Amino acid sequence: MQAAVTGSGEQPRPAGLLGTALVDTVRRTGASAGVLYLLDEATQTLGLAVLCGLPEEVAWPWHRIPLATAAPISEAVRENRLVWVGSQENMARAYPRVAASMPYRFALAAAPLPGRSRCWGGLVLLWPASHPEHATSRELGHISAEARSIAHALDQSPDPPTAPEQPRRVSLAEPHPFAGRAPQAAADYAERLPEGSLALDLEGRITFVNGAAADLLGRTADRLLGTRPWQALPWLDRPAVEDHYRTAVISREPVEFTAAHPPDDPLHFQLYPDASGISVRITRAPAPVDDRPDPGGDRPESARPSSPESAASGTAHTGRLYQLLHLASALTETVAVSDVVELVAGQVLPAFGAEGLVLSTAEAGRLKITGWHGYDRQTIERLDGLPLGTGITPAGHVLSTGIPAFFASVEELAREFPRAPPMSGKHAWAFLPLLISGRPVGCCILSYDRPHTFTPDERAVLTSLAGLIAQALDRARLYDAVHGLALGLQESLLPRSLPDVPGLTMAARYLPASRGMDIGGDFYDVIRLDATTVAAVIGDVQGHNVAAAALMGQVRTAIRAATGTPPDAVLARTNQVLIDLDTDLLVTCLYARIDLVRGRATLASAGHPPPLLHRPGQEGRVVGLDPAPPLGIDIGTPYPVTDLDLPSGSTLGLYTDGLVEVPGTDPDGTATDLARHLAAHHDEDVEGLIDQLLRRAWPSGRYTDDTALLLLRTTGRGNPASASRRR
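Residues numbered from 1 in each chain as written. Predicted model: local features only at pLDDT ≥ 70, side-chain atom pairs only at ≥ 80, totals over all residues. Heavy atoms only, no water.

Q: What am I meant to see in the overall build of the chain here?
A: Secondary structure summary: the chain contains 23 helices and 29 strands in total. The buried share among the 727 residues of the chain stands at 55%. The contacts of the chain with a sequence gap of at least 6 include a subset with a gap of at least 24, amounting to 65%. Working note: accessible area of the chain is about 31000 Å², and carbon and sulfur atoms make up 53% of it. (Helix = DSSP H or I, 4+ residues; strand = E, 2+ residues; numbered from the N terminus. Buried < 20%, exposed > 50% of the residue type's maximum accessible area, 1.4 Å probe, protein only. Contact = heavy atoms within 4.5 Å. Areas by Shrake-Rupley, 256 points an atom, 1.4 Å probe, with all protein chains shown as cover.)

Structural data, given as structure tokens:
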């Protein structure tokens, strides 16, 4: 019988603010594991800071999470709400990417860490599969309270932490009541048992083995301690065996399976997990091997030697499989080229321990660098634009042959490409050709700051991954081209600048949705009717396509043609134009005629969201308008008008529904909050105020719909102000 001195990979005691806070939270909520993420506001990315109760390799695919990712924690932080996922079925429906990388039974809660002036990040808690699918309101409230407590501690910290490159893992297990009293008695007890006994830490490494277990497994204890069973014993080197361990450690449920020790000696394994690790009971099994998760499990595998290199591989086979599934799923969600670069840098590099990335596309016979990480700009400038057939680096060679190239050291690369090593300053490289049906799309280069031996496992996964990156990159390039044309078309239909109107300051913004290839139909305009009167209009054409953009241009033209009439007549005439066009698209519109001499505005709306208003000395409010249907529905539709006083210093805000229709919030509540913010900051310049309103409605900046916003502030006649340029 022997026990390992170390090997758990965990800190013996929780240390630091986050480690202590996380362990206390997990214990108080009854969870089995926990993870803390910190938000990098500059990059809008969540970084894994501390974890407990989970193997590191399980968490590695989620080392860095962009806020736009479809995952419980990013959604919780993005929408400032608690997210509960009570079963694997619910996870698969709501977050298929997470379910693919963690196909186990467990319940999960994700909550933001709301500080006084910022969101610090998020908290993830996991419970065993035995937890009820639906959490009680009291339990959910307790989780939210714990998250607020952690955020408060971060608010009070004189030196708030940031997400480290390597997350910290702290111990969750509490000391055993008999620890240190009679360790020899416990060891003697295990040694007297007729069955095999093993102990695994949460990383799957053997920390204890009795004599019976060593005999049954056919290895001495000193060769087993500190190793993972599926790495030390070739006949257990099957994905299903490691998957049993993962199931036990994540679901916290007992797991049992049978595997054949060559030549024909079936052994029965029973795994009993808790917060500190897994106890394994090993007995001889008279029944035939039945390893249901592995179709080939009823046949003993032929033994093969275990090389030190494979045993030392940082991530085992099943981990690589789930890692590949996770990355493949993530790549399907990328839209633009920048998304592909961000995903490869944020998830592929950490997964394979690389420090540098160069991603290039094949354009006009040259390799054009579209993204990089871990290099200085001077190096990138030297590498950018090399011919596809270049002999300076292996990039041209791998593209022409379609075969990846791996160089474990500077010496290996210098033997074939002597000019390449000095150009990058790195010490190991993986050159991956990005090909689609034999057509070169580009090249992906992963590099290391120190020599790195690429195992067969790593080479296989990276080669498979290159094909997925190639497809994502090709798709993203098409998106960027189409989206650029679409956005250019739409911007050409919007006013290039706002007019100069004495007595009125203005600012306008148009922001396309953060995702999607289609064109939006949101528009705005300011028309100077005479020296003291202007018309402000904002609208939204139904749909997101070229037809919507074209109709938007026609609507703007129709409105401009009718501006000499009252607001209700302008909408009525525009409505007639739409009906004559016989289009299936509807248009909402708000038209305001502002008389700067009288300090009055007359408004008419066709199904459009009501404007925001602040008058000096009053509270901000959402203007109540008489309802009317959108344009294009029926001839003869009346459009009621509303008169407003606009004394000097009043601010009127016109917007489209994309501003207030934030997922997880009430649009009316959002509009009311923006009106209050308008009043609270009425003395600020409209250029700064308009950006504040956008950030307040959408803190993440990830707009789900096109948004147009127009602010107008009266300053009194004879006090001319230059109009603001549209941005």
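Q: Help me out: how do you make sense of unusual backbone geometry in this one?
A: Negative phi values dominate among residues other than glycine, just as trans dominates among peptide bonds. Here the residue pair Pro262 and Pro263 is connected by a cis peptide bond, since its omega of 5° sits within 30 degrees of zero. Looking at the element boundaries, Pro263 is found in the loop between strand E11 (255-261) and strand E12 (265-274). With phi around 55°, Gln44 is a residue other than glycine that occupies positive phi space. Positionally, Gln44 belongs in the loop between strand E2 (33-40) and strand E3 (45-52). Since its relative accessible area comes to 16%, Gln44 is described here as buried. Positioned with a positive phi, Asn80 is a non-glycine residue whose angle comes to about 55°. By relative accessible area, Asn80 is classed as exposed at 53%.

Q: I would appreciate a short explanation of helix H23 (residues 686-697) in the present structure.
A: Each α-helix turn comprises 3.6 residues. Residues three or four places apart therefore point the same way. End to end, H23 covers 16 Å across 12 residues, agreeing with the expected 16 Å (1.5 Å per residue, within 8%). Within H23, nine of the 12 residues are buried, which leaves the element mostly enclosed by the surrounding structure. What H23 keeps buried is the set Val686, Glu687, Leu689, Ile690, Asp691, Gln692, Leu693, Leu694 and Ala697. For H23, the elements touching its buried residues are strand E20 (504-511), helix H22 (667-680) and strand E29 (707-714). Capping the start of H23, Asp685 holds a side-chain oxygen 2.8 Å from the backbone nitrogen of Glu687, two or three residues further along. (Expected span 1.5 Å × (residues − 1). Polar contact = N/O pair within 3.5 Å; in protein donor to acceptor, adjacent residues only side chain to side chain.)

Q: Sorry if this is basic, but what is going on with the packing of helix H1 (residues 16-29) against helix H6 (residues 137-156) here?
A: Helix packing geometry: the angle between the two helix axes and the distance between the axes. Direction vectors running N to C along H1 and H6 enclose 165°, while the axes themselves pass 11 Å from each other. In terms of orientation, H1 lies roughly antiparallel with respect to H6. The handedness of the crossing between H1 and H6 is right-handed. Across from Leu17, Leu18, Ala21, Thr25, Arg28 and Thr29 in H1, the residues of H6 making contact are His142, Glu146, Ile150, Ala153 and Leu154. Partitioning the contact of H1 with H6 into residue classes produces six nonpolar, three polar and two charged. (Axes fitted to C-alpha atoms, helices over the stretch in contact; angles between N-to-C directions. Parallel < 35°, antiparallel > 145°, perpendicular 65-115°, else oblique. Left-handed = near helix turned anticlockwise from the far one by under 90°. Nonpolar A, V, L, I, M, F, W, Y, C, P; charged D, E, K, R; others polar.)

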